There are 2 protein chains.
Amino acid sequence: MKRAHIAEAAFEFSKLKPESPVLVGVSGGPDSLCLLDGLAQLQIPLIVAHFDHQLRPESNQDAAVVRKVAKQLNVPFVLGSQDVAGFAAEMGYSIEEAARTLRYQFLFEQARLHSAQAVAVGHNADDQVETVLMHLLRGSGLSGLKGMSFRTILPTWDESIPLVRPLLAFTRTEILEHCRERGLQPVFDPTNLDTSFYRNRLRHELIPFLETFNPQARQVIWRTAQVLEGDAAVVQAAVEAAWQQCLVEEETGYIVMRLAELQVLLQGVQRGVIRLAIGNLLPQLRDVDFAAVDRVVQFISQPHSGQVDIVQGLLLFAEMEESGSSRLVIAKAGAGLNSQNWPQLLPEEEQEFTIPGEVVLSSGWKLESEWLIRRSNAPFNASDWQADTRWEAWLDLASLSSRLLELRRPRPGDRFQPLGLSGHSMKLSDFWINEKHPRRARQDWPLVAAGGTIVWIPGFRPAHPYRVTENTQRVLRLRLRRIP
Amino acid sequence: MKRAHIAEAAFEFSKLKPESPVLVGVSGGPDSLCLLDGLAQLQIPLIVAHFDHQLRPESNQDAAVVRKVAKQLNVPFVLGSQDVAGFAAEMGYSIEEAARTLRYQFLFEQARLHSAQAVAVGHNADDQVETVLMHLLRGSGLSGLKGMSFRTILPTWDESIPLVRPLLAFTRTEILEHCRERGLQPVFDPTNLDTSFYRNRLRHELIPFLETFNPQARQVIWRTAQVLEGDAAVVQAAVEAAWQQCLVEEETGYIVMRLAELQVLLQGVQRGVIRLAIGNLLPQLRDVDFAAVDRVVQFISQPHSGQVDIVQGLLLFAEMEESGSSRLVIAKAGAGLNSQNWPQLLPEEEQEFTIPGEVVLSSGWKLESEWLIRRSNAPFNASDWQADTRWEAWLDLASLSSRLLELRRPRPGDRFQPLGLSGHSMKLSDFWINEKHPRRARQDWPLVAAGGTIVWIPGFRPAHPYRVTENTQRVLRLRLRRIP
């Protein structure tokens, strides 16, 4: 490890500044000792942080070794110590997970305390190759295959202090050689958490096997990760732009997006937006399952009126906006969805009303009725006598069996004969399925009936028998409007 | 293989239309027989095409078998036959490469002849996984890791007829089972070209080994490829948009791009644009080398006046536009670059000229000289007396040692004292290096001198000693203009 290469890794790849302090996580193993030594050579101000996982009785000896090295380098030393095994048991985490959580928590806390520009850790080029292969085998897509970054923000730990990994530029062999050359004496941790059985097999069996196919396999995979990081950033930028385009509402427990905007996205962007939505709603998910994303992709291309289970209690369905365009809703089961955009009628609001008249609904809508005289000598054209909006209906007043109209909710057995369908009526439930009306909107949807027959479904269509014809003399005009 | 799945693979994934003919490449092996049988079940009109590679004495027996199957299905049969080994020797290709080249040539020729909507071939899901792993080990980045597509245009063979691979949706096991169930009798090709030693080891050793890490490794890799295909399309779209933005000129042998536009791209897009440029100039390159791309990335971030060897004789350098902004040139060594944008002076065009006067250059430029009287009582402000454009100079006429100006090319030992640098002069060659003036432009660059001293370098700066000062009474105005 030449000084120029260390400088390149630190200043160019990891974008460290030479003057402000870096907190270095030092376990005492070869990687972190080498990292500490390398950064110290560059004269960057450092803080050495060691975390004692308390997994071995003698683990405090490692702390003593690291403290001594820090003293030799004349660098401040901070020590954290926690009962990782106890924390793992308490949280239901694996030992590795618990160790990582507590360690990073400690490192970033200390970084904030010391106003460090970054937390530096000792992952090396071989770790990178192993990580890429683990992600390949786990199926975590581009974001996994790009491996670890020289510099990255992990919002879980800190929104602005980055984690940097300058040693990603160096192989394990180079690091061990550096330790020998510089007389560094790494501690040996028999429980080494970073080398689980699985990772060890990857390291000692899979990679050498891959090298029988291509002796340069390590380098090739390392370079592939680097190139994929650039590709992933391009996809990420496209996904973020699309997210802004598609998002209607993001609340705890649910996310609402514009369906039409989602439908025109490239599938790679669509998948990214879906992964982002699922990830925001279920932050504890590590990889978003292929099949879960696929279910949403499928629904976007062929939406229907039902609900789809995505993954871990997340539900997917479409609902309609006032304008008639559809929205896609991804929600946790039981999330209190905001239904303020819909006209809804509470049971106690069911009532009769007169013409002209006005009924105010507690959901923030108002029904207005009035009648008009049709005066026209021009030839009758039916389409002139249909309202332009879904929230207004023009009906033939004379054909109503009663002047007393009812405003009511759907009832079992309701039937409806939508405008344009002459001859027979259909079940209201079938009508709504055809119209992809969201299930959760139906139960409290306001209907207008006369003499027991539905004459208008606001937001949809008037009933065929009550349409305006050339014989109509008086026109009943009904409007449902949101109260400003 | 259920009929519904075959239909999904053919119509949905491969986007085949049910009515127009598909040309199916049938070797007689299990994959292609199964493909033929599956598509025939869907009632798509088919043409069976068999290509005899003449690699075994008895290879024409395969053709007979396939012909018989086609007859049973009542489907037209076409036969191609060529001496693959001879072609390989002649072209310096491997046998596999030669076989693929001649086979695809034949298939697409026949597809055009029969107005087929697509050429279908029998690659299956296991082939896909093997392909992804081969690309991972070879280091061909995202475009390799996405594997094969259900439907793709290969411009080498046809600009509009796609290659489709419906069997990518099915595993080898499913295909063999389908053959058994439907009584299909595949031929056995002992030289099976698609299963080279390398691929065989991948199939029989590497993949089973990966399954000891994750029993679902095959499925995971298959799905990863599918997802990466979407990601690759997002990157591709960004690269194509950037290409349009950056491209100045694309000619046989060289490509010119705007440096400033390249510099602001995301690195993933930048790499894509560079790969596209290199690929267009060297279409025979299969994978564009990481390091080659890196050299260009490096140059874009820190351009200099030298030339860089990219790969296989491709050169990289920067040159200036008339406006002063830089362009990046990627050129084959010896490509006749278009220098029409530069003023260039041929040896026989060197001459003296008078004031006022005019000299026309064969490179399409014109030098004009005139003098003006400076009449001003206002306080002198030096910056008012510098020309606004790099192609015009205002000088103090009285300070010239001679009224006879020379228009000449650079000479060894030329020195220059650029405006603003008082006290000493510098080597002309150093000045040009500082200015990043392309080497190939320098030799014929027109200079204006008086009494042996350079007074103006058109496109750059006038000489300091000849600048207009408050004592200037007569101003010499020089202009170099492109002749419209």
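Residues numbered from 1 in each chain as written. Chains lettered and ligands numbered in written order. Predicted model: local features only at pLDDT ≥ 70, side-chain atom pairs only at ≥ 80, totals over all residues. Heavy atoms only, no water.

## Let's talk about the overall build of chain A
A tally of helices and strands in chain A yields 15 helices and 21 strands. Over its C-alpha trace chain A gives a radius of gyration of 33 Å, far above what one expects of a compact globule, namely 23 Å for 484 residues. Oriented by its inertia axes, the alpha-carbon framework of chain A measures out at about 105 × 45 × 40 Å. Relative to its full complement of 484 residues, chain A shows a buried share of 50%. Look at the contacts in chain A between residues 6 or more apart in sequence, and 67% of them connect residues 24 or more apart. For chain A, the exposed surface amounts to about 22600 Å²; the carbon and sulfur share of it is 49%. Positive and negative side-chain charges of chain A, numbering 51 and 56 respectively, have mean locations separated by a distance of 3 Å. (Helix = DSSP H or I, 4+ residues; strand = E, 2+ residues; numbered from the N terminus. Rg over C-alpha atoms; globule rule 2.2 N^0.38 Å. Buried < 20%, exposed > 50% of the residue type's maximum accessible area, 1.4 Å probe, protein only. Contact = heavy atoms within 4.5 Å. Areas by Shrake-Rupley, 256 points an atom, 1.4 Å probe, with all protein chains shown as cover. Lys, Arg positive; Asp, Glu negative; His and termini not counted. Charge placed at Lys NZ, Arg CZ, Asp CG, Glu CD.)

## Observations concerning the relation of the copies chain B and chain A
For the pair of chain copies, the relating transformation is a rotation about an axis with a translation along it. You can overlay chain B on chain A at an RMSD of 0.2 Å; the transform is a turn of 180 degrees with a shift of 0.2 Å along its axis. On the angle and the small slide along the axis, the relation comes out as a two-fold axis. Ranked by how close their C-alpha atoms come to the rotation axis, the residues of chain B are headed by V235(B), at 3.2 Å. (Least-squares fit on C-alpha atoms with pLDDT ≥ 70 in both.)

## Description of the sheet that holds strand β13 (residues 357-360) of chain B
All names here are of chain B. Spatially, β13-β14-β21-β15 is the arrangement adopted by the four strands of the open sheet, whose pairing is antiparallel. Every other strand in the sheet has two partners, leaving β13 and β15 (392-396) as the edge strands with one partner each. Within the sheet, the average angular offset between the axes of one strand and its neighbour, ignoring direction, is 15 degrees. (Pairing = 2+ DSSP bridges. Axes fitted to C-alpha atoms, helices over the stretch in contact; angles between N-to-C directions.)

## Quick look at the interface of chain B and chain A
Taken together, the 39 residues of chain B in the interface contact 39 residues of chain A. Carbon and sulfur atoms supply 73% of the area buried between chain B and chain A, which totals about 3700 Å² over both sides. The three residues of chain B that bury the most area against chain A are L137(B), F213(B) and F290(B), which together make up 19% of that side's buried surface. The interface formed by chain B and chain A includes two salt bridges. A salt bridge links D294(A) to R223(B); the shortest N-O distance between them is 2.8 Å. Where chain B meets chain A, there are six residue pairs in polar contact (both at pLDDT 80 or more). Elements that contribute at least two residues to the side of chain B that touches chain A include exactly α6 (125-138), α7 (141-145), α9 (197-211), α10 (217-246), α12 (267-281) and α13 (290-301) of chain B. Here the residues of the side of chain B that touches chain A are counted per class, giving 24 nonpolar, seven polar and eight charged. (Buried area = accessible area lost by both parts, 1.4 Å probe. Salt bridge = Lys/Arg side-chain N within 4 Å of Asp/Glu carboxyl O. Polar contact = N/O pair within 3.5 Å; in protein donor to acceptor, adjacent residues only side chain to side chain. Nonpolar A, V, L, I, M, F, W, Y, C, P; charged D, E, K, R; others polar.)

## Some thoughts on the side chain of R172(B)
Residues and elements named next belong to chain B. Turning to its location among the elements, R172 is positioned in helix α8 (residues 172-181). In this structure R172 comes out as buried when scored by relative accessible area, which is 18%. Within the structure, the side chain of R172 is placed 3.3 Å from the side chain of E130, a separation counted as a polar contact. R172 has contacts with N124, D126, D127, E130 and R203, leaving out every residue within four places of it along the chain.

## A few points about the environment of E177(A)
Residues and elements named next belong to chain A. The topology assignment puts E177 in helix α8 (residues 172-181). Note on E177: relative accessible area 39%, which makes it partly exposed. Between the alpha carbons of E177 and C34 there is a distance of 9.7 Å; along the sequence they are 143 residues apart.

## Considerations on the pattern of salt bridges
All chains considered together, the criterion is met by 48 salt bridges over all chains. Of the charged contacts, one joins R408(A) and D414(A) as a salt bridge, the two residues approaching to 3.0 Å between their closest N and O atoms. Residue R408(A) is classed as buried on the basis of its relative accessible area, which comes to 3%. Where E58(B) meets R56(B), a salt bridge forms, and the shortest distance between an N and an O atom there is 3.4 Å. Within the structure, one salt-bridge network assembled from shared partners comprises D127(A), E130(A), R172(A), R199(A) and R203(A).

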